[in-house]
Structure formats: structure tokens, C-alpha cells
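The residues making up each chain are set out below.
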Amino acid sequence: MATKLRFAPSPTGLIHIGNARTAILNYLYARKHGGEFLLRMDDTDLERSKPEFADAIERDLAWLGLNWDQKERQSDRIARYLEMAEKLKAAGRLYPCYETADELDRKRKRQLARGMPPIYDRKALSLSRDDVAKFEAEGRKPHWRFRLANTPSDTPVEPVATQVTWDDLVRGAQMVDVGSLSDPVLIREDGTFLYTLTSVIDDWDLGVTHIIRGDDHITNTGVQVQLFEAVGAKAPAFGHHSLLTAADGKALSKRLGSLSLASLREQGLEAMAVVSHAALIGTSDAIEPHKTIESLAELFDVGKISTAPARFSEDELRGLNAKLLHTLSYGDVAERLQAMGVTDGEAFWQAVSGNLEILSDAQAWWSVVSGPITPVIENADFLAKASTALPATPWDQDTWKTWTNQVKAETGAKGRALFHPLRLALTGQESGPEMKALLPLIGRDRVVQRLQGEQA
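Quantities reported herein were computed from a predicted structural model and do not represent experimental measurements.

Caption draft 1: Structural view of the packing of aromatic side chains. The tally for this structure, following the rule as stated, stands at seven aromatic pairs. Residues Y27 and F37 carry aromatic rings whose centres are separated by 5.2 Å and whose planes lie at 80° to one another, so their mutual orientation is edge-to-face. With Y27 in helix α1 (residues 17-32) and F37 in strand β2 (residues 36-41), this pair connects stretches of sequence that are ten residues apart. Of the two residues examined, Y27 and F37, each falls in the buried class. Seen from their ring centres, Y98 and F135 are 5.4 Å apart, and the 15° between their planes marks the pair as stacked. In this pair, Y98 is assigned in the loop between β4 (94-97) and α4 (101-113) and F135 in helix α5 (residues 129-137), connecting sequence segments 37 residues apart. Taken as a pair, Y98 and F135 share a single burial class, namely buried. What links up through ring pairs into an aromatic cluster is the set W400, W403 and F419. When the ring centre of W144 is taken as reference, the NZ or CZ atom of K89 above it lies at 3.9 Å. Seen from the ring of W63, R265 lies directly overhead, with NZ or CZ sitting 5.3 Å from the centre.

Here you go:
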């Protein structure tokens, strides 16, 4: 069977850096193994799922360069879920329960008070027809639970230790004791389906062979393996990566609102900086910028993903973004620079690229080069003497050294006293790209005006 992986977001909000990491790992695995990448919108929560969020997710994935081979929506597959639910009911694996949320909460509290595990006691399995009729007369609607295969026969309801095992792509041998779990609810009182059921049916029907997801799903995997068996399907291979934490090791989840992909894009970060960071953080590979997803796919090995929490730092991401920009050629950014109004493109890019954190910083340096700016005058007399020492045109990158050597000889200034007032007058900035590269771009006429304190 051909390799196929999926990313299955719920369109109930914007995807963030944690979601993106899962999508990227699945995409790289698929591409590394010559397989397919499926985008599936898990939109069965009709109240919270919004078309605008689905559109935003697609924009974000396209920005990252994660080009899906197939797209599906769970809301288009309700008939299939109903069909499979009826089969599970007929097989006795899906059974109705009439307890309210308050009743279940009180039951759990009583179990905890008695030192018992707070798992569902399967009382619904012993309901008589009269009991059911009474509940329905009260207007109650059942929710439906999947009966886990954790009893010694079909008759007893008391669960016993039952191990579900698999060879995890990331974590190696894994085991979940489904005897310690409640039978999961698969269908709510209002008839809507929960993720556990719909995901299994979709993965089976759509031919998903491998699933890489967060380690918060490990217990859920134990349940889903049994559900695959119950519908007569072979479970995919699973891999569970660790979740992201903040740089201080604390949970990142509460801070993810500011780390949506839309927010990172608006901050001017490069898509490949985000992809590189998400793909390499928490692995044994060095976190280095990659210009293409293809080069990351060649490097990718799911076995390199650590089981320890991966520490995410916005500062590190921004630093990686700067490193990526420093590796890009003018051809990589030409169209975007031209959109900013940069006309002397290649020479300008060579001059400023090493000083950029985000590409839009180039616009500020183009303003310095093309003017007008307000020069900062630190020593007017010194600048007047420097002006008279200006070499004739044409200028190149040797002109700065020729000029400053002449100014040094005529004024005796050296070091900071020589270079700092010239930089302030010509750029209005304390620091920045090398002046030998900026000087020819600024041009002799602007240099003369700025040395005189004029806006130019």
C-alpha cells in the first residue's frame, strides 16, 4: 500500500505553531517516502466550525508550502458515519446511555471518594426496556458509548487489565491498558459524532497508512486501535511526538493565541524559517535554516524526534529567520524587493542582507539609501573637512576606504571619532550595513548634502 499521511485540523480557530509542527512532520514523512499528504477538515462540530477558519487553514498551509494531494471534509461524510455506527450497534459494540452530564459528574465524584478509578460503570448495559421507555418519556436522548474489549467474555461488564500495544514510530514499544479506561462516547445526545469514531472511519476509508501526532493522543490511540479492529480494519502505524513547551519548560498551550501562523506571517517571518524550526526542534538535528522543503524531506527521519518536550522560543525563531535571509540570493527575493520599490536590487541586497531580521527591514535601508533622510550631525566642522576630501566619481566599494584614509590624514581622526560621525550623517543610524557597500548606493550628490546637514 502506498504511504499516505494526513493533517486533520478542526476549523474552529486559527492554527498555531504547535499545529503547524504536526502538519509539517506528517508532510515531510509523506514526501520522504514518496507518499501522499491528505488535508482533512474535521468539521463535524457544526456550531464551532466556520468556513472562514477552514479558508484560513488552507492559506496558512499554502504559505508554508505544504501542498496537499487530496482534501476532504468530514461534514460531507455523515452518511458514512451513520452507516458504520449502525453496524457497531448491531454488533453490540455501541450502546446507548441516558445519564445526564450532572449525573455522570456525581458518579465520578462518588467513585473518587471511595478510592475507585473514575471510569464509567457500564450501568447502561443493564437497562431494561421499561427503564429506556421511562428515560425517553422524560425527553432524554441517549449518548452512545463504544464498548471496549476489556472483559473476559461478552457477558461480564467489569473490565480487566487489557493491553493494547503498538510499535510507535517515535517512542518505540507502547502499551495502553484499556481496562483502566471508560468506554468512550462516540455519539453525543444531539446525534453529532466525536472525533474518535469519525477519524477511524476516515483513516480506513481514505487509506491513511501512518499517523504522526502529539503524545497527548497516546491513550486515545489505544482506544482507536480497538475501534479499527471492531470495524474490521487494520490500524495505521502511529508516531507520537512530544508537545512544545516555552523556553522555560512551562506549557505553551495558553500562549498559542499569539503564535498563530497568521500572526507569524504578519510579523514578517519567512515561511521556510517557520518550517525549518518546526521540523527540527526537538530532534537530534541542528536547527538550521533550509531554503526548500525538499532539502528538509531528504534530512527527515522520524526516529530523530526526541520523546522529551521540545522547547520553543520566539527569539530563536526570529534568529533563525535572520540566518535564512542571510543565505538567500538576490534572485530568491527579487520580486519582493521590487514590490517594495527597490530599483538597484542586487547591489543593494548584497549590501544589506546580512543586517536583516525580517525582509521588510530592507525597506528601511532602501529609504536610507534613496532618501530623503534627516542626517544626524555630530561634528559639523569635521564633516565639512570630510566633504572636501570626497573622491571623484565613479565610486565602488573601495571608495569608502580611500575617502576615510584621506579624512584621517587631514583631520587626525581615527577609530570611532572618524567613522561614527560619518555614519550618523550619511545614514542617520548608529549602526548597520558596512559603509563601503552603502556609500556607492547613496551616491555623491546625496553624500555632499547630508554632510552639510541637509535632508537628502
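Caption draft 2: Quick peek at the sheet that holds β4. On the basis of which strands lie adjacent, the open sheet formed by three strands has the order β4-β5-β8 and antiparallel pairing. For this open sheet the edge positions go to β4 and β8 (185-187), each flanked by a neighbour on one side alone. Taking the axes of each pair of neighbouring strands and ignoring which way they run, one obtains an average angle of 45° across the sheet. One ladder, built from two bridges, connects strand β5 (residues 143-146) with β8; its direction is antiparallel.

Caption draft 3: How the structure looks around helix α2 (residues 51-64). Its 14 residues give α2 an end-to-end C-alpha distance of 20 Å, which sits within 8% of 20 Å, the value for a rise of 1.5 Å per residue. For α2, the elements touching its buried residues are β1 (4-7), α1, β2, α8 (261-266), α9 (271-280) and α10 (293-299). Within two residues after α2, G65 carries a phi angle of roughly 90°, on the positive side.

Caption draft 4: Fine view of the environment of D105. Mapped onto the secondary structure, D105 falls in helix α4. Along the backbone, D105 and P118 are 13 residues apart, and their C-alpha atoms lie at a distance of 9.5 Å.

Caption draft 5: Spotlight on the pairing of β1. Because side chains alternate across β1, one face comprises the buried residues K4 and R6, and the other comprises L5 and F7, equally buried. In this sheet, β2 lies alongside β1 in parallel orientation, the contact comprising four bridges. Residue L5 lies in a different strand from β2, and its bridge partner there is F37. In this fold, the crossover linking β1 to β2 by way of α1 has right-handed handedness.

Caption draft 6: Quick look at the sheet that holds β1. With parallel pairing, the three strands of this open sheet are ordered in space as β1-β2-β3. Only two strands of the sheet have a single partner each, and these edge strands are β1 and β3 (70-73). This sheet shows a mean twist of 25° between the axes of neighbouring strands, independent of strand direction. Against the sheet, α1 touches β1 and β2, its axis set at about 150° to β2.

Caption draft 7: Structural detail: the side chain of K4. Inspection of the secondary structure assignment puts K4 in strand β1. It is E36 that comes nearest to the buried, bridge-free K4 among opposite-charge side chains, at 4.0 Å. Within polar-contact distance, the side chain of K4 engages the backbone oxygen of L206 at 2.7 Å. When neighbours within four sequence positions are excluded, K4 is seen to be in contact with E36, L38, Q70, L206, G207, V208, T209 and H210.

Caption draft 8: Geometry of the packing of α1 against α9. It is the contact of α1 with α9, at a shortest axis distance of 9 Å, that shows an interaxial angle of 80°. The pairing of α1 with α9 is recorded here as roughly perpendicular in orientation. Note on element contacts: α9 touches α1 through V274, V275, A278 and A279, opposite I17, R21, I24, L25 and L28. The residue makeup of the contact of α1 with α9, split by class, is eight nonpolar, no polar and one charged.

Caption draft 9: Fine view of the pairing of β5. Of the two faces of β5, both are covered, the one formed by H143 and R145 as well as the one formed by W144 and F146. Two strands pair when backbone bridges link them, and β4 and β5 are joined in this way by four bridges, in the antiparallel orientation. Bridged to Y95 within β5 is R145.

Caption draft 10: Broad picture of unusual backbone geometry. Cis rather than trans, the peptide bond between G371 and P372 has omega equal to 0°. Along the chain, P372 turns up in the loop between α14 (361-370) and α15 (380-388). Here T393 and P394 are connected by a cis peptide whose omega angle stands at 5°. By the secondary structure assignment, P394 is in the loop between α15 and α16 (399-411). Here the phi dihedral of R122 falls at roughly 60°; this positive angle occurs in a residue that is not glycine. Accessibility expressed as a relative area gives 4% for R122, which makes it buried.

Conventions adopted
- Residues numbered from 1 in each chain as written.
- Predicted model: local features only at pLDDT ≥ 70, side-chain atom pairs only at ≥ 80, totals over all residues.
- Heavy atoms only, no water.
- Phe/Tyr/Trp six-rings, centres within 6.5 Å; stacked < 30°, edge-to-face > 60°.
- Helix = DSSP H or I, 4+ residues; strand = E, 2+ residues; numbered from the N terminus.
- Buried < 20%, exposed > 50% of the residue type's maximum accessible area, 1.4 Å probe, protein only.
- Lys NZ or Arg CZ within 6 Å of the ring centre and 35° of its normal.
- Pairing = 2+ DSSP bridges.
- Axes fitted to C-alpha atoms, helices over the stretch in contact; angles between N-to-C directions.
- Expected span 1.5 Å × (residues − 1).
- Contact = heavy atoms within 4.5 Å.
- Right-handed = clockwise from strand over helix to strand, strands pointing away.
- Lys, Arg positive; Asp, Glu negative; His and termini not counted.
- Salt bridge = Lys/Arg side-chain N within 4 Å of Asp/Glu carboxyl O.
- Polar contact = N/O pair within 3.5 Å; in protein donor to acceptor, adjacent residues only side chain to side chain.
- Parallel < 35°, antiparallel > 145°, perpendicular 65-115°, else oblique.
- Nonpolar A, V, L, I, M, F, W, Y, C, P; charged D, E, K, R; others polar.

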